[in-house]
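# Per-entry structural report
This is what each chain is made of:
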Amino acid sequence: MFIVLLKFSAEKAKAGQFMDGHKAWIKQGFDDDVFLMVGSLKPGAGGVILAHNSSLKELDKRVKDDPFVVENIVSAEILEIDPAKADDRLSFLLA
């Protein structure tokens, strides 16, 4: 399982130009059953993605294809986690 941090760079002002492509990239991540959750880093610092069903190498390639990453609007950091315990509602994450 992975947490992907997408932190805005000095190019944040260009985000609107590439938002449609970024949203399509997010949709593809859900369609491929890789993304479990996406959200914003507060206050307006960027975004975060909870991902699974992927190797680190595959996820790194996917993240590098995000238009926001390509255009240097965000910097990406992938954190790999090994879940050890979860609420019953999230038990599928332990498999």
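Each remark here, short or long, concerns the structure printed above.
A brief structural summary. Only a predicted model underlies this, so the values are computations on that prediction, with no experimental measurement involved. (Residues numbered from 1 in each chain as written. Predicted model: local features only at pLDDT ≥ 70, side-chain atom pairs only at ≥ 80, totals over all residues. Heavy atoms only, no water.)

## Considering the overall build of the chain
The condition that has to hold: Counting from the N terminus, the helices are the DSSP runs of H or I reaching at least four residues and the strands are the DSSP runs of E reaching at least two. Any pair of residues with heavy atoms lying within 4.5 Å of one another is described as a contacting pair. Using a 1.4 Å probe, accessible areas were evaluated by the Shrake-Rupley method; residue-level cover was limited to the displayed protein chains. Positive charges are assigned to Lys and Arg, negative charges to Asp and Glu, while His and the chain termini are left out of the count. In plain terms, the charge of a residue is placed at NZ if it is Lys, CZ if Arg, CG if Asp and CD if Glu.
Tallying secondary structure elements over the chain gives three helices and four strands in all. In the chain, the succession of helices and strands from N to C terminus is β-α-β-β-α-α-β. Overall, the chain is about 40 × 25 × 20 Å in size when its C-alpha atoms are taken along their principal axes. Sequence separation of 24 or more characterises 67% of the internal contacts of the chain that already satisfy a separation of 6 or more. In the structure as shown, the chain presents an accessible area of about 6,100 Å², 54% of it carried by carbon and sulfur atoms. Here the chain contributes 12 positively and 15 negatively charged side chains, and the mean placements of these two sets differ by 4 Å.

## A word on the nonpolar core
Inside soluble globular proteins, nonpolar side chains tend to come together where they are buried. For clarity, the cut-off: Here the nonpolar core consists of buried residues drawn from Ala, Val, Leu, Ile, Met, Phe, Trp, Tyr and Cys, with membership extended through side-chain atoms lying within 4.5 Å. For every residue, the accessible area obtained with a 1.4 Å probe (protein chains only) is divided by the maximum for its type, and the residue is called buried under 20%, exposed over 50%, and partly exposed between those limits.
Counting 16 residues, the largest nonpolar core has Leu6, Trp25, Phe35, Ile49, Ala51, Leu59 and Val63 as its most contacted members. Those elements giving two or more residues to this core turn out to be β1 (2–8), α1 (15–31), β3 (46–51), α2 (56–64) and α3 (67–70). Contacts of Trp25, omitting those with residues within four sequence positions, involve Leu6, Phe35, Ile49, Arg62, Val63, Asp65, Asp66 and Pro67.

## A closer look at the pattern of salt bridges
This is how the line gets drawn: Salt bridges, as used here, are contacts in which a Lys or Arg side-chain nitrogen is within 4 Å of a carboxyl oxygen on Asp or Glu.
Within this structure, the stated rule accounts for seven salt bridges. In this structure, Asp32 engages Arg62 in a salt bridge whose closest nitrogen and oxygen atoms are separated by 3.2 Å. Taken together, the residues span a long stretch of sequence, with Asp32 in the loop between α1 and β2 (35–41) and Arg62 in helix α2 at a distance of 30 residues. For Asp32, a relative accessible area of 35% gives the class partly exposed. Of the charged contacts, one joins Asp65 and Lys61 as a salt bridge, the two residues approaching to 3.5 Å between their closest N and O atoms.

## A look at the side chain of His52
For clarity, the threshold we go by: For this analysis, a polar contact is any N or O atom pair within 3.5 Å, provided that within protein one partner can donate a hydrogen and the other can accept it, and provided that sequence-adjacent residues contribute only side-chain to side-chain pairs.
Following the sequence through the fold, His52 ends up in the loop between β3 and α2. On the basis of relative accessibility, which here comes to 15%, the residue His52 falls in the buried class. Separated by 3.3 Å, the side chains of His52 and Asn53 make a polar contact. In this structure His52 touches Asp33, Val34 and Leu36, once residues within four positions along its chain are discounted.

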